[in-house]
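So the chains spell out like this:
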There are 2 protein chains.
Amino acid sequence: MASLLTDTIARIPPLDENALQQARARQDQLTKPQGSLGRLEALSIQLAGITGQPRPRFKQPVVITMAGDHGVARQGVSAYPSEVTPQMVLNFLYGGAAINVLARHVGARVVVVDMGVASDLPSHPDLVDSKIGKGTRDFSVGPAMTRDEARRAVEAGIEVVTREIERGADMVATGDMGIGNTTPSSAIVAAITRRPVAQVTGRGTGVDDAGLDRKIAVIECGLEVNQPNPADGLDVLSDVGGFEIGGLAGVIIGAAARRVPVVIDGFISGAAALIATALAPATQPFIIAAHRSVEIGHRATHEHLRVEPLMDLNLRLGEGTGAVLGISLCLAACKILDEMATFADAGVSEKSA
Amino acid sequence: MASLLTDTIARIPPLDENALQQARARQDQLTKPQGSLGRLEALSIQLAGITGQPRPRFKQPVVITMAGDHGVARQGVSAYPSEVTPQMVLNFLYGGAAINVLARHVGARVVVVDMGVASDLPSHPDLVDSKIGKGTRDFSVGPAMTRDEARRAVEAGIEVVTREIERGADMVATGDMGIGNTTPSSAIVAAITRRPVAQVTGRGTGVDDAGLDRKIAVIECGLEVNQPNPADGLDVLSDVGGFEIGGLAGVIIGAAARRVPVVIDGFISGAAALIATALAPATQPFIIAAHRSVEIGHRATHEHLRVEPLMDLNLRLGEGTGAVLGISLCLAACKILDEMATFADAGVSEKSA
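Parameters at a glance
- Residues numbered from 1 in each chain as written.
- Chains lettered and ligands numbered in written order.
- Predicted model: local features only at pLDDT ≥ 70, side-chain atom pairs only at ≥ 80, totals over all residues.
- Heavy atoms only, no water.
- Contact = heavy atoms within 4.5 Å.
- Buried area = accessible area lost by both parts, 1.4 Å probe.
- Salt bridge = Lys/Arg side-chain N within 4 Å of Asp/Glu carboxyl O.
- Polar contact = N/O pair within 3.5 Å; in protein donor to acceptor, adjacent residues only side chain to side chain.
- Helix = DSSP H or I, 4+ residues; strand = E, 2+ residues; numbered from the N terminus.
- Nonpolar A, V, L, I, M, F, W, Y, C, P; charged D, E, K, R; others polar.
- Least-squares fit on C-alpha atoms with pLDDT ≥ 70 in both.
- Buried < 20%, exposed > 50% of the residue type's maximum accessible area, 1.4 Å probe, protein only.
- Pairing = 2+ DSSP bridges.
- Axes fitted to C-alpha atoms, helices over the stretch in contact; angles between N-to-C directions.
- pLDDT = per-residue confidence, 0-100.
- Domains from an automatic or database assignment.
- Parallel < 35°, antiparallel > 145°, perpendicular 65-115°, else oblique.
- Left-handed = near helix turned anticlockwise from the far one by under 90°.

1. Section: the interface of chain B and chain A
Phase 1 of the analysis: Contacts between the two partners involve 55 residues from chain B, matched on the other side by 54 residues from chain A.
Phase 2 of the analysis: Here chain B packs against chain A, burying approximately 4,400 Å² in sum over the two surfaces, 62% of which is carbon and sulfur.
Phase 3 of the analysis: Where chain B packs against chain A, one counts two salt bridges.
Phase 4 of the analysis: On the surface where chain B and chain A come into contact, there are 20 residue pairs in polar contact (both at pLDDT 80 or more).
Phase 5 of the analysis: Going through the elements one at a time, α3 (38-51), α4 (84-94), α5 (98-106), α13 (321-339) and α14 (343-346) of chain B are the ones with two or more residues in the side of chain B that touches chain A.
Phase 6 of the analysis: Here the element with the most residues in the side of chain B that touches chain A is α13(B); it accounts for nine residues.
Phase 7 of the analysis: In terms of residue class, the side of chain B that touches chain A is made up of 27 nonpolar, 17 polar and 11 charged.

Take a look at the structure:
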């Protein structure tokens, strides 16, 4: 049955072979030993393949930070109360949060989206209202949302990113806010990577030992009760996911369908990427992993996604903070490709045979 | 005997305890879980201690890229001919090199210094002439330079950085250009960290297996012939060093004496930092290691310096390319400290007890 989701997935192209090849050839003519800029070179080539432009130039990076609440938070899995979710959304809108500071630093615009905050938020010109529900249900006792809600969450993400791309966004980063959301993320990672819950569950914003034990037990219980099917992204999302996680999966799918690179942030964005690649394996080459976070399940997430994070700065905040730093490296990589002189331009001798 | 070098070393202060403490306290009041920005938080606190400002703001980062040639290059230790050193200096001056592109990206100014290029360079308003000699002598058969030349190289670096600081530079990055200069750098690292040459010697810009064996043998020979004293930075520098390496050691010492943070680049900058800390252990807290390069001796260098690099991007170019990316992270870290809202400002609930 045709839907925005299936239509969008069907439109995701492969990387552009011609652009990949031209970018690779140009990197080898620039005034530096071949390969000496390491991951920056590989990144520029990937970005050429994503965009289809041999020398991609980005004018308008955007970080899409999606917020939602989680019924499972009532199980005492977070060090913070759920009221912090809407408080932080307001902080984003007033420009005082870490994501605002770092987005300004790298020249990115912040788009804040209410995917499912449990309370009513005041209307604000910079707040996108895509609320699917007032928080998910507690997944430790039943599904977090219906399958229809899961599809609507992903489609809302596609709509948000499509609108931003139509307004000029040409590079997208993902970010999240949602008290308790490392819990559904660990559940998603455990379900999709088929690893034991304890191996992919960390302290989130900072629960103590007892809190961590409780969190693991709650997730194990939720997986037992719901039995998510790892091959079915919408089933995993509806069983143990979150509205903002579904929205971010949609952002990834929608960006890939438009040949826009997606720089993913930390653990929650990683869980969203697992949902996105379960729904649409063709999204994988469009994903750039900005950093490896402190959350222990992040490594398994990157392995499953077959991506290598660019940085490891011991971040564990979310919001898109690591992703916007990754944007800066993507821009740097493409400027190298576009702006450096070639050996011929500069009259520099090449390597001896 | 008093000299610019001894006077400058005597002026290096410890980190400012008061600023460290205020920065630490403010980080804990910002609207994020304590410690959740990981290394960015620690970096901002270090930068507060370096500058003595509880909320440091940087207006004028500068990368100082020093060039020199190496007599030992005639032993066939590099994949490129020495003529590339002056060619690349001209490329820096025309703005076509990787360092120019990346410095523009992060908003840093490039200062190019001739510390000892083997040929005559045309005079250019943006080229600082601090030439100590036309390349060093071949250290595999005797000292690379005299002790007086070594001291003059370090003092020239102090003079260059002091002039830039007086013109407004408030953050300094180090960079290098010199065909063959991973060879003296490996010799310095082997001498000061007391590791076997083969453990700290890599392929530089890309020598093949035979070239690598030759490079190791040449360095072993040079250490045998010269017997550098690891406790005496000027002795190591004069025996097996390079003019640009001495100059960069001076940049580090001169910056520390003025409370200016120094972001060091790759393997050659690391060797310069070993010389700087051998001459002046008090420089250590002023050093920020931007990245771990591909060169295998870089890890031993960082361990000896007791610094943890911020990134690992498989770079092996030098010029200051990794260091300017490090500047961007330093600026990001300080903007977090300075610009984020506190819990009280934003009316966000703190962690439950």
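Alright, that's what it looks like, and here's the rest.
2. Details of the relation of the copies chain B and chain A
Phase 1 of the analysis: Relative to chain A, chain B is turned by 180° and slid 0.0 Å along the rotation axis, the superposed coordinates differing by an RMSD of 0.0 Å. Taken together, the turn and the small shift mark the pair as related by a two-fold rotation axis. Measuring from the rotation axis to each C-alpha of chain B, the shortest distance belongs to B:Met311, at 2.9 Å.
Phase 2 of the analysis: Looking at chain B, 98% of its interface residues are interface residues in chain A too, so the copies touch through the same face.

3. Focus on helix α12 (residues 297-305) of chain B
Residue and element names in this part refer to chain B.
Phase 1 of the analysis: If you check which residues of α12 are buried, you get Gly297, His298, Ala300, Thr301, His302 and Leu305.
Phase 2 of the analysis: Residues of α12 that are buried sit in contact with α7 (182-193), β5 (262-264), α11 (267-279) and β6 (287-289).
Phase 3 of the analysis: In the segment just after α12, arginine 306 is the residue with positive phi, at about 55°.

4. What about the sheet that holds strand β4 (residues 171-177) of chain B?
Residues and elements named next belong to chain B.
Phase 1 of the analysis: Strand order in the open sheet made by the six strands is β3-β2-β1-β4-β5-β6, with parallel pairing throughout. Edge strands, defined here as strands with exactly one partner in the open sheet, are β3 (127-129) and β6. Each strand of the sheet is rotated relative to its neighbour by a mean of 30°, with strand direction disregarded.
Phase 2 of the analysis: The sheet contacts of α3 involve β4 and β6, and relative to β6 the element is tilted by about 155°.

5. Observations regarding unusual backbone geometry
Phase 1 of the analysis: Not every positive phi belongs to a glycine, and A:Gln227 is a case in point at roughly 45°.
Phase 2 of the analysis: Positive phi outside glycine occurs at B:Asn314, with the angle close to 55°.
Phase 3 of the analysis: As for its placement among the helices and strands, B:Asn314 is situated in the loop between α12 and α13.
Phase 4 of the analysis: Here B:Asn314 falls in the partly exposed class, since its relative accessible area comes to 39%.

6. Things to note about the confidence of the model for chain A
Caution is warranted with low-pLDDT regions, since their predicted coordinates should not be read in detail.
Phase 1 of the analysis: When pLDDT is averaged along chain A, the result is 97; 99% of the residues meet or exceed 70.
Phase 2 of the analysis: Mean pLDDT across the elements of chain A bottoms out in helix α14 (residues 343-346) of chain A (93) and peaks in helix α10 (residues 243-257) of chain A (99).

7. Details of the pattern of salt bridges
Phase 1 of the analysis: With the rule as written, the count across this model stands at 32 salt bridges over all chains.
Phase 2 of the analysis: The partner of A:Lys134 in a salt bridge is A:Asp120, and the shortest N-O contact between them spans 3.0 Å. With a gap of 14 residues between them, A:Lys134 in the loop between β3 (127-129) and α6 (147-166) and A:Asp120 in the loop between β2 (109-116) and β3 connect regions that are remote in the sequence.
Phase 3 of the analysis: Notably, a salt bridge pairs B:Glu149 with B:Arg137, separated by 3.2 Å at the nearest N-O pair. Of the two residues, B:Glu149 is situated in helix α6 (residues 147-166) and B:Arg137 in the loop between β3 and α6; the sequence distance between them amounts to 12 residues.
Phase 4 of the analysis: Here the salt bridges share partners, and the residues they tie into one network are A:Asp148, A:Arg151, A:Arg152 and A:Glu155.

8. Description of the domain arrangement of chain A
Residues and elements named next belong to chain A.
Phase 1 of the analysis: Taken domain by domain, chain A comprises domain 1 (4-56 + 336-352) and domain 2 (61-329).
Phase 2 of the analysis: When each unit is reduced to the centre of its C-alpha atoms, the spacing between domain 1 and domain 2 is 30 Å.
Phase 3 of the analysis: Taken residue by residue, the interface counts 19 residues in domain 1 and 26 residues in domain 2.
Phase 4 of the analysis: With both sides pooled, the region where domain 1 packs onto domain 2 buries about 1,900 Å², and carbon together with sulfur makes up 71% of that total.
Phase 5 of the analysis: Seen at the junction of domain 1 and domain 2, the total is zero salt bridges.
Phase 6 of the analysis: If you list the elements that add at least two residues to the side of domain 1 that touches domain 2, you get α1 (4-10) and α3 (38-51).

9. Side note on the packing of α11(B) against α12(B)
Residues and elements named next belong to chain B.
Phase 1 of the analysis: Contact pair α11 / α12: the axes reach a minimum separation of 10 Å and the direction vectors enclose 30°. One element, α11, and the other, α12, form an angle in the roughly parallel class. Taken as a pair, α11 and α12 cross one another with a handedness that is left-handed. Contacts between α11 and α12 involve Phe267, Gly270, Ala271, Ala273, Leu274 and Thr277 from the first element and Gly297, His298, Thr301, His304 and Leu305 from the second.
Phase 2 of the analysis: Tallied by class, the residues present in the contact of α11 with α12 amount to five nonpolar, six polar and no charged.

10. A closer look at the sheet that holds β3(A)
Residue and element names in this part refer to chain A.
Phase 1 of the analysis: Judged by pairing direction, the sheet is parallel, and its six strands sit side by side in the order β3-β2-β1-β4-β5-β6 without closing on themselves. The open sheet is flanked by β3 and β6 (287-289), the only strands paired with a single partner. Sheet twist, expressed as the mean angle between neighbouring strand axes with direction ignored, is 30°.
Phase 2 of the analysis: Relative to β3, β2 runs parallel, the two being bridged by three bridges. Among the inter-strand pairings, valine 112 is bridged to a residue of β3, identified as leucine 127.
Phase 3 of the analysis: Along the sheet face, helix α13 (residues 321-339) touches β1 (61-68), β4 (171-177), β5 (262-264) and β6 and points at about 165° away from the line of β4.

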